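Observations on the model geometry
As a plain string of letters, each chain reads:
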Amino acid sequence: MAKHIDLNVNGKTRAVEAEPDMPLLYALRDNLEMKEPRFGCGLAQCGACTVLLNGVPTRSCVTPVGSVGAKKITTIAGIGTVDKPHKIQAAFLEEQVPQCGFCLNGWMLTSVALLDNNPRPSDAQIRDALSGLKCRCGTHMSILRAVKRAAQA
Amino acid sequence: MTMPMNRREFLAGAGALTIAVLLPGVTREAYAAGVQDSRLGLKPDQLSSYISINQDGSVIGWTGKVDMSQGTEIGWLKMIAEELDIAPERVSIVQGHTEQTVDQGGASGSTGIWFGGIALRNAAAEARLVLLEMAAAKFGVSIDQLTVNHGVIGVNSDAGGKKVSYGELIGGKHFDVQLVWNKEYGNELKVEGRAKVKSPSQYKIVGKSGVRRRDIAPKVFGTAENMNDVKLPGMLHGRMIRPPVAGAVPVAVDESSVKNIPGVKVVWQKDFIGLVAAKQWDAIRAARQLKVTWSDVKPPFPEQKDIYNHIRAGKSMKRDEDVKANGDAEAAFAGAAHVFEASYEWPFQSHASMAPACGVADMRDGEATVWTGGQKPHFCREGIAKMFNMPQDKVKVLFMTGPGSYGRNDSGDATMDAAVLSKAVGKPVRVQGMRHDGTQWDPKAPASVHVSRAAIDKDGKVIGWNFESKGFSRREFHRDEGSPERTMAGQLMGWPLKPIWILGVPAESYSFAKRKTSDTIAPLVERASPLRTSHMRDPGGPQIHFASESFMDELALATNMDAVDFRLKYLSNPRDIAVVKTAAEKAGWQPHVGARKQLRGDVYVGQGIAYAVRGGTRVAVIAEVEVNKNTHRVWVKRYVVAHDCGLVIAPDLARQALEAQILQTTSRALFEEVKFNNKAVTSVDWQTYPILDMKDAPEAIDITLMDRPDIAPSGVGEGTCRPLPAAVANAIFDATGVRLRQAPFTPERLKAGWV
């Protein structure tokens with residue numbers, strides 16, 4: 001049965017009517033018509049659907065919408081704006097990272113969390129933190145440059 | 001500081017937002033700039049079909065090719081800006097819209113710049129000439145008394161005086177100028193005008209770096225509208241139902257099995273079965289829950305371990321034979337002192353795009369509007385028109401960036417599925433696959449076997465080469481969706497099949513006498529197979545050149561030569577020789593014969609080279625690998641690449657596109673193999689079809705773009721796919737002494753061959 005669920009998305013309270021076991025991804029994309037989290041696998045294997053839940057990178061494709069509660073959901077549109085870009089956004093733009101761009105949520109939001117916890121990561125720490133995410137276009141070298149750039153910002 | 005750049009780049013890419021409420025994907029900057037499309041009927045021999053000038057003097061280039069997010073768009077607008085003497089920032093591109101661009105074949109064979117860019121360049125040069133003629137008439141001077149500065153035409157002798165801008169001359173109106181058209185559509189389309197194009201020595205924009213891509217800021221700020229974001233009023237969500245055994249067809253459907261889910265409608269036509277629901281989550285649940293009885297078919301596939309024997313024993317549907325080059329190879333074998341032979345195997349690989357494909361279609365009222373992430377929107381229009389027996393002018397196809405596309409992936413299938421469902425239910429329908437639709441059910445790159453033999457004379461000189469490819473077609477059903485039988489839906493609806501038998505042979509300039517053959521075998525399942533084959537990035541190239549260039553390394557050893565020296569001795573084309581030499585110099589190649597097996601700590605290190613030609617592009621790749629002696633993991637620590645594609649339009653974007661191509665091909669060489677049993681494909685997700693991880697990314701990639709401004713540009717998009725796997729295999733041999741003749745180069749294979 002569909003239920004009324006309040007979500008805290010990018011600092012605003014948004015109401016959705018949804019079955020609590022429906023993944024958060026569909027609440028964001030279909031109920032709230034947001035474009036940034038993307039369906040890549042539905043199996044938590046790729047990262048395309050990543051959002052931050054209270055700052056922790058989380059796969060929205062396997063997170064039941066009913067389990068989110070009052071946790072703060074942040075998408076890549078919520079970390080910064082064109083006028084006030086997050087340093088990860090500025091670095092990904094500067095390094096011209098994406099090709100198709102479907103994978104960006106995972107790389108960018110995992111990098112945000114990495115730099116929050118470890119502002120000056122080594123190359124090995126960056127690779128380790130980003131391991132498991134997928135990019136089919138093969139933009140890994142640009143991603144590495146961008147995260148290093150952001151770490152130096 | 002990057003802030004103003006952010007805003008400008010963001011706005012440059014944001015035109016789609018303002019128009020999205022009308023029609024997703026509609027020509028962005030063009031509409032944002034206020035241009036309505038009143039061009040002269042989109043004729044391929046009309047200048048206005050390629051170039052138009054807005055009232056503010058900004059320029060629109062219109063192309064029937066599409067940029068698959070590798071920056072081709074920037075190449076086009078730089079070529080236009082160069083010829084028109086206007087800043088690149090004032091040029092925008094409309095691409096892949098069937099009503100607004102001429103059929104130029106879409107993204108295909110790395111011809112975006114090679115063919116598409118040249119057409120735009122020629123049209124822009126003609127536009128400049130026409131504008132100069134208009135200004136000359138206006139000022140009563142001759143053309144050679146005029147100069148152009150940033151889209152403003154002035155009289156040479158009159159520095160402070162007469163000036164007129166492109167916008168004032170023609171802005172908002174359209175050129176009525178005939179071009180010479182070669183009467184071809186698609187990739188082959190060529191146009192030129194009376195105008196002479198600039199010579200490379202005059203270039204100020206082309207060949208320089210620094211113009212940034214316009215699609216990046218919206219992606220990074222989360223506002224990009226892509227294929228999977230298309231939403232229409234009243235749109236339903238569709239999902240396809242695929243059988244558990246390849247080739248099985250539905251014989252009964254129990255619709256009551258989904259009656260607890262609201263609004264589900266099953267669409268079953270011939271062997272096509274899918275469903276729609278108002279909400280996507282309901283469609284997903286219903287597709288999982290729907291009870292379908294499938295026909296009993298005997299297991300259609302060999303077991304995976306037998307696939308190469310199946311290919312070897314398979315009946316050849318067609319043999320292609322390369323003309324005899326450099327003399328008589330058969331005679332060379334008859335006179336040989338030794339014959340050296342080796343055989344190489346490459347598995348089926350999946351496009352496995354970042355997300356499964358999405359297609360949206362609105363088939364109401366005798367018209368079709370279709371959104372596709374596929375590379376060839378004009379072919380998509382043809383296929384839809386034919387499937388539904390509609391005139392082509394009632395079908396409108398809009399290209400939107402999808403989840404990455406490197407060939408004929410599953411996009412073309414999703415688009416046709418959406419059209420069938422929309423037609424059946426009378427509402428707009430969006431189809432998106434689940435992960436298994438993108439990995440298990442996408443069309444595959446073919447598995448193949450390659451047997452290579454060389455004749456060596458008594459002095460150790462190679463005098464003859466025989467190369468045999470045998471495998472599945474590199475495209476069983478054509479490279480596009482221009483006819484229904486080229487799609488899953490068309491095959492399931494019983495359209496007559498027109499299979500294409502083509503695999504391929506190496507492209508190189510070795511000087512020994514050679515004979516090359518290519519045999520294609522029939523598919524394992526005739527229709528709607530999860531192992532049906534289609535073009536995937538450099539179709540056939542990685543597998544064929546893995547074989548030929550691994551073999552050249554083996555021949556170097558067999559004739560007691562260094563691998564670089566061997567290539568330099570036998571290559572005949574100076575450009576080929578130059579890329580091999582350059583790569584060797586840049587890599588600090590240390591000549592050696594055979595495997596060095598250098599152990600550094602826990603890893604064996606080695607270097608390997610390979611080279612190949614694709615179209616006009618030639619590439620040499622040197623891979624430097626580390627192979628862990630305990631885990632047998634291969635890491636390519638560094639690549640050195642020498643790349644000659646003639647004139648380079650945008651060096652910065654070419655380098656970045658090459659890097660990504662190198663990573664993707666590394667993934668194919670080291671990790672990718674579609675798994676199957678005798679009933680079905682068992683690679684269904686990223687666990688069962690692993691690809692390259694961030695930990696596998698090289699430490700460095702060193703690319704040299706050969707300086708060839710006077711040679712017409714050929715493609716950047718696929719040439720490096722060719723030699724790369726062999727360069728890695730050759731480096732693995734140098735490091736370990738293990739000669740891998742079967743891809744991918746997994747720890748298991750290395751362990752099995754460990755010496």
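Because the structure is predicted, anything quoted here is derived from the model rather than measured.

Cut-off values and rules
- Residues numbered from 1 in each chain as written.
- Chains lettered and ligands numbered in written order.
- Predicted model: local features only at pLDDT ≥ 70, side-chain atom pairs only at ≥ 80, totals over all residues.
- Domains from an automatic or database assignment.
- Contact = placed C-beta atoms within 7 Å.
- Helix = DSSP H or I, 4+ residues; strand = E, 2+ residues; numbered from the N terminus.
- Nonpolar A, V, L, I, M, F, W, Y, C, P; charged D, E, K, R; others polar.
- Pairing = 2+ DSSP bridges.
- Axes fitted to C-alpha atoms, helices over the stretch in contact; angles between N-to-C directions.
- Core = buried A, V, L, I, M, F, W, Y, C linked by C-beta atoms within 7 Å.
- Buried ≥ 20, exposed ≤ 12 C-beta atoms within 10 Å, placed from the backbone.

1. Details of the domain arrangement of chain A
Residue and element names in this part refer to chain A. By domain assignment, chain A separates into domain 1 (3-74) and domain 2 (87-152). Taken over C-alpha atoms, the centre of domain 1 sits 22 Å from the centre of domain 2. The partner domain 2 presents 11 residues to the 14 residues of domain 1 that form the contact. Going through the elements one at a time, strand 3 (50-53) and strand 4 (56-59) are the ones with two or more residues in the side of domain 1 that touches domain 2. It is strand 3 that provides the largest number of residues to the side of domain 1 that touches domain 2, a total of three residues. In terms of residue class, the side of domain 1 that touches domain 2 is built from eight nonpolar, four polar and two charged.

2. Thoughts on the sheet that holds strand 2 (residues 12-18) of chain A
Each strand in a sheet pairs with its neighbour through backbone hydrogen bonds, running either in the same direction (parallel) or in the opposite one (antiparallel). Residue and element names in this part refer to chain A. Strand order in the open sheet made by the five strands is 2-1-5-3-4, with mixed pairing throughout. Here the strands that pair on one side only, and so sit at the sheet edges, are strand 2 and strand 4. Pairwise comparison of adjacent strand axes, ignoring direction, gives a mean angle of 45 degrees for this sheet. The pairing of strand 3 with strand 4 spans four bridges and is antiparallel. Within the sheet, the bridge partner assigned to V51 lies in strand 4 and is T58.

3. Description of the interface of chain B and chain A
Chain B puts 49 residues into the contact, and the matching count from chain A is 47 residues. For the side of chain B that touches chain A, the secondary-structure elements that each account for two or more residues are helix 1 (3-12), helix 7 (216-220), helix 8 (280-289) and helix 18 (651-670) of chain B. In terms of residues, the side of chain B that touches chain A owes the most to one element, helix 18 of chain B, which gives six residues. Taken together, the residues that form the side of chain B that touches chain A break down as 19 nonpolar, 17 polar and 13 charged.

4. Details of the nonpolar core
All names here are of chain B. If you look at the biggest cluster of nonpolar residues, it comprises 263 residues, and the most contacted ones within it are A583, V621, V728 and I732. Of the residues forming this core, the biggest block, 13 residues, is contributed by helix 5 (residues 112-139). Non-local contacts of A583, meaning those with residues more than four positions away in its chain, are made with I609, A620, V621, I622, V640, V641 and A642.

5. Observations concerning unusual backbone geometry
Geometrically, the link from A743(B) to P744(B) is a cis peptide bond, its omega value of -5 degrees lying close to zero. As for its position among the elements, P744(B) is in the loop between helix 19 (724-736) and helix 20 (747-753). We note that Q96(A) has phi near 50 degrees; this positive angle belongs to a residue other than glycine. Counting through the fold element by element, Q96(A) comes out in the loop between helix 2 (87-94) and helix 3 (104-117).

6. A few points about the sheet that holds strand 22 (residues 448-456) of chain B
Residue and element names in this part refer to chain B. Reading across the sheet, the five strands line up as 14-24-23-22-15 and stay open at both edges, with mixed pairing between neighbours. Because the sheet does not close on itself, it has two edges, and the strands there are strand 14 (316-321) and strand 15 (338-346). With strand direction ignored, the average angle separating the axes of adjacent strands in the sheet is 15 degrees. In this structure, strand 15 lies alongside strand 22, joined through nine bridges in antiparallel fashion.

7. With respect to helix 11 (residues 377-387) of chain B
All names here are of chain B. Among the 11 residues that make up helix 11, 10 are buried, leaving the element largely enclosed by the rest of the structure. Buried residues of helix 11: P377, H378, F379, C380, R381, E382, G383, I384, A385 and M387, and no others. Buried residues in helix 11 make contact with strand 18 (368-372), strand 19 (395-399), helix 12 (411-425) and helix 14 (488-492). Just beyond helix 11, the residue with positive phi is N389, at close to 55 degrees.

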